[in-house]
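A closer look at the structure
Okay, here's what each chain looks like letter by letter:
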Amino acid sequence: MNKHLLDVDRLTIGFPNVDNVLNHVVRDVSLHIEPGARIGVVGESGCGKSTLAYAMLGMIRGTGVRVHGSITYDGAQLFEMTPAELQRLRGVGIALVPQNAGQSLAPHHTVYQQIAEVLDIHHHMQSDAAWHRVVQLLGEMRLRNPEQVARRYPHQLSGGQQQRVALAMALAAKPSVLVLDEPTTGLDVTTQAQLLALLQELTNDTQMAIVLVSHDLGVIAHTCQQVVVMYAGEVVETGETERVFRQPYHPYTRGLIAAMPQLSADGLPQAMMGQMNTSVNRAQCVFRERCDFAQSDCATPPPLRFVEDARAVRCHHWQDVSARSNRATESPIVLEELRTDDVAPILELRHVSATYQQPSWRWWMRATPNLVVSQVDISLAQGQTCAVVGESGSGKSTLARVITGLHQPADGEVYLAQSLLPTIATRRSDEQRRRIQLVFQNPDLSLNPRHTVAELLYRPQAVFFGRSRAEAQSHSITMLERMRLDEQYLSRFPQQLSGGEKQRVAIARAFLAEPDVVVCDEVVSALDVSVQAALLSLLVEIQQLRKTAYLFIAHDLAVVRAIAHTVVVLFAGHVCESGSTKHVFANPHHPYTMELLRAVLTIPPRVLQTRGEHSVEKTPHTTGGCAFQSRCPIAIHQCTHIVPPWQKASEHHSYRCHHPSDVLIQLRSQLSLPTTEE
Amino acid sequence: MVLFVFRRLITSLVTVLVVAAMIFVATEVLPGDVATAVLGREATPKRLASLRAQLQLDRPAPERYREWLFAFVQGDWGHSLARPHIEIRPLVIERLRNTLWLSGIAGVLGVAISLLLGIYAGLHRNKWFDTIVSTISLIGMSLPEFVIGSLLMLLFGVVWALLPAVTIVQPQATLLDLLPSMILPALTLIIVMVAYILRMVRSSVIDVTQSEYVQMAYLKGVPHRRVVWQHIIPNALIPTINAIALTVAWLIGGVVVVETVFNFPGIGRLLTSAVSDRDLPLVQALGLVGAFFYIGTNMIADLMTLWLTPRLRTQYWQNAHEN
Amino acid sequence: MLMRISVFKWAQRISLSAWIGIVLLTMHLVMAACATWLAPYVPTAIDTNNMYQSPSMLHVFGTDRYGRDILSRVIYGGQFALFISMVSAVLSVMIGSIIGVIAAYVGGFFDEVTMRVIDAIISIPGILLLLVIVTGLGTGTSVIIFAMVLSYMPGVVRVIRATAQEYVTRDFILAARLRGERVKNIVWVELMPNIRDVLLVEFAMRASWIVLSVSGLSFLGFGVNPPTPDWGLMINENRSVLVLSPWGTIFPMIAVATLVVSLNLVSDEVAKMFGIDRGVRR
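Residues numbered from 1 in each chain as written. Chains lettered and ligands numbered in written order. Predicted model: local features only at pLDDT ≥ 70, side-chain atom pairs only at ≥ 80, totals over all residues. Heavy atoms only, no water.

A word on the overall build of chain B
A tally of helices and strands in chain B yields 13 helices and 0 strands. Across chain B, helices and strands are ordered from the amino to the carboxyl terminus as α-α-α-α-α-α-α-α-α-α-α-α-α. Here chain B, with 323 residues, has 51% of them falling under the buried criterion. Sequence-distant contacts, at least 24 apart, represent 73% of the contacts inside chain B between residues at least 6 apart. In the structure as shown, chain B presents an accessible area of about 14,900 Å², 67% of it carried by carbon and sulfur atoms. (Helix = DSSP H or I, 4+ residues; strand = E, 2+ residues; numbered from the N terminus. Buried < 20%, exposed > 50% of the residue type's maximum accessible area, 1.4 Å probe, protein only. Contact = heavy atoms within 4.5 Å. Areas by Shrake-Rupley, 256 points an atom, 1.4 Å probe, with all protein chains shown as cover.)

Rendered as structure tokens:
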């Protein structure tokens, strides 16, 4: 066996379940990591990728855990080390960037103290030398004012800054292997793109090996040369990233890629059958029950076979899979055409502004209202979808609250089918409330954990139609079946359902009110890609059946491209650009839209450009002029004091900018935007 | 920061006022004739009338409350009802000295012991030491103070006769004379106190040990000893401050029983006898003194927590500077 | 079928310590409820021929200074403490949860005022509050219950308000308000089922503390009046003859201790079962 930097050899990790049967979280995984290698580990939640990442640092937690196999670093076996030896290795040999930097940074220590601790332990560097090194490291992380950041506590930093600090901490002792566990999950798309670009820049010419664990194929494609696809704790495919994603050999890899919404193509992403179970049958191929290619011989589990140079796959029928093109079958559901005829809109927002009063802890001070949504106009036709996109803090969720009457707007009106709606939900009639339904982002919060599905689905029917439980049941069953759930689900509680199932119940509840408008607030963003794809298809299917209009709030542009007819781009509460999705994405005019599009991680990957940190909350609140001025690469003097005028790019596409379109088109040609067909 | 301290002082003051009002209401305003309550049902009409005049019960309650409070603040705590020649303030201050020594010794030792045991048990969760300590603390929590006190008295005072079982020295005795009589009451207080704080410290240590940032400290290669001393212990102690403050509240109540058990001349025993005698002014004064100490401790605990928690500290600091 | 399996598993999952608690608690409840049939003698019957007897076949726990049978007095002695604590605990939790839920749901000024008053009551150390009330109102069952509720209810308000607040901001409450559900429905159908567990834990915890307080009051002489049998009172009465005849002190001590231990064990288990962190709250 030739010597590698880090060797994971036939690693198996299992936890006993309630009935004391061993449940394998990682099974028979082997990885060989050379200096300078960049390896991506990809798979959906529950596939064992995080357990694998922590095992690489010699940390396996849990009661009754059983481990087989070995991890060897530089000739030494991790699981045979004494605790003290392991501590000497961690940080220097192998370092970790955790998923949630906000919780992983110690709340009672400053950024300096935490990074200096690493320097002190591993390099015995203290006081002045340590301070300079910390500031230097933070500077390398492209943090503005590194000295100030060093003196701060973690809670005083934004999510992007925290993640940069965590990265600096991991790199402080110059480790040979860097393990990153979902390093960008939970960050805004633009912040994510910058962080990945930074990571590339920092590691380009070092001998440091990188293991990046992510559920996001785009992140892997942009960072790693090699990819390991995991399913149910097993490696199902591995190889060069570019080749694997271009032509997958395993049906699961193929399914993952097909489920990823694409900016470049029309149509909905395709979902895989079924879902991953916590206890899979390991006597057969673990993917058999969800596989389109499964045959009788799949009853015996396939071995991981090397089929080409550095390419292995765990499938009996990989040749069949590779022979089929990536997107062989078109999705059966196609989005309806954008309605261009002048029909009256079902929902209309006119000049809506909203403020938030910051609760003040001192009662004698009046709180200053904070403008979060400013002069927003949206018009939505029956049976159509309008997407609202923007980063966190752009005011898109406030917009949802204004429409549903949970938040009183400071200014402007909301019309439902031409009639003015009272601003507050309690003043609206039952009928008005019924016609606008809201689906929340997180079903764990929006479904009462103590109610069965039957009760959850009964409540709106009781309120809006006065149905009895018996009458409601048949309606509930019909709706559940429409959501591809069956009657048995009626007696279950939310915690007995998977994330995708919960969200389907939440959608079923909204549709049982027979609404005209459904406001979807980030309904798919917390879900795995394959589950997300399934949910998007369901949403479109029921929309076409019921002619329901969606106001679809999202941050993922590819999802928006797949589902929305029109799009409204929101920055700090201001609309930058709006119009038909196809036009806006193919032909963006506003610099912010371009920035968002540039940050989308496509497959195949594009070059990401490093730039300094920025975030919405750090943007000084502009009292006049363009809201985007401080982040705009082409801001001119006018932008600081004159509100930019609306300009038309085409019949169904307008934007707000001082620049003439040729300047903007020139800017666009300089940026490497993903190509989209019009 | 300064503003916050100021605000916290104000709320404490308001709380003291509200508590004073409640003590006043409970003792003088609640339904039933106070004079009858004090003197009993067999009292002669004449004595009732004279007591009513003495307490000025015919005057409106708010007015009486105001006067009582003002007099109290100015140091005029009045005379005992049961023994009219005794002035309350010197009496209370003399007994308070004894009680403060008793509870001070018990408090310091008790907190120290419970921190040591709690941290050790929390760090070695589910090991034999933890199991033993947790079991004993559960029993300690379940035994009333008077049971523990009586048992100790039986063992040390009677069976082995090492220490005075009950206090026989005078209340005015010097500290040195009082010390031997203080050991058993202090021990009783310590046992019950340790049972409570230890549980809190232990669970706090376990919480912090399981936090992501402690896991992260291990993952960046910090040696175990350093993780324990620099990450786990400091963070685990912050929530403990409030538990300690809560226990001070208990100490104030606990001394009442313990002092009665050991006949120790502190404010606790004074209170029980005052309650038995229906000595209203004395009960009011003791109630206020007790509440004052408790509210003060709580305030200090809050301020310490604020000072030691960066998130809170910087939040108030920033707010103060932004406006 | 499924039901039976789950009950069986549930029973299996209860820890040994909790089983000890359940057995002890049941014993105490049976003892208090069936005292008339269980006690061998009338607890107040004076027998001057048999004073200060040590345990024997005739008097299993011995006799006290009036020759009263200690076993009978111990059996009867829990009635008062148990009755008072159960009634007070039920009332504290009921009143406390109503106030807590309303404060959390209504919020604003009402919440602010309620919580200030609650803070003030909590600022009076427990025994002090009890003694102050006893001074003003005298002793008696209803006064003691009133005092117990007043001193233990504020803690319930705090806990329940905090729990309710956590749920009031959840999206499912917003969803109910968007549907236009009545306040009554939101509280009873949406909110209450989520608070149930915390209520049960609070009840079990308060009950054990109240038992401690009630026996403490009796010990100080502010509980029931002699010659009614009561553990706290018995310990106080027989303490002076601890050396001569320890039986009158030791047996009631064991009785109080086992009752509180059992309540603590049971409430610990209930808390663990519902995944509620049971810190030391008062």
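Back to the text.
Focus: the interface of chain C and chain A
Contacts between chain C and chain A engage 18 residues on the former and 21 residues on the latter. Per-residue buried area on chain C facing chain A is highest for Asp171, Leu178 and Arg179 of chain C; these three make up 38% of the total on that side. Summed over the shared surface of chain C and chain A, the result is 2 salt bridges. In this structure, Asp197 of chain C and Arg450 of chain A form a salt bridge, with 2.7 Å as the shortest nitrogen-oxygen distance. On inspection of chain C and its partner chain A, the count reaches 9 residue pairs in polar contact (both at pLDDT 80 or more). Those elements that provide at least two residues to the side of chain C that touches chain A are helix H8 (171-179) and helix H9 (183-220) of chain C. When the residues that make up the side of chain C that touches chain A are grouped by side-chain class, the tally is 6 nonpolar, 3 polar and 9 charged. (Buried area = accessible area lost by both parts, 1.4 Å probe. Salt bridge = Lys/Arg side-chain N within 4 Å of Asp/Glu carboxyl O. Polar contact = N/O pair within 3.5 Å; in protein donor to acceptor, adjacent residues only side chain to side chain. Nonpolar A, V, L, I, M, F, W, Y, C, P; charged D, E, K, R; others polar.)

Description of the domain arrangement of chain A
Residue and element names in this part refer to chain A. According to the domain assignment, chain A contains domain 1 (106-171), domain 2 (231-323), domain 3 (347-567) and domain 4 (582-670). A C-alpha centroid distance of 39 Å is found between domain 2 and domain 4. Contact residues are listed per partner, giving 5 residues for domain 2 and 6 residues for domain 4. Considering only the surface of domain 2 that becomes buried against domain 4, Phe245, Met260 and Leu263 emerge as the three largest contributors, covering 71% of it. Our count for the domain 2 to domain 4 interface comes out at 0 salt bridges. Where domain 2 touches domain 4, the interface holds 0 residue pairs in polar contact (both at pLDDT 80 or more). Looking at the side of domain 2 that touches domain 4, its residues break down into 3 nonpolar, 1 polar and 1 charged. (Domains from an automatic or database assignment.)

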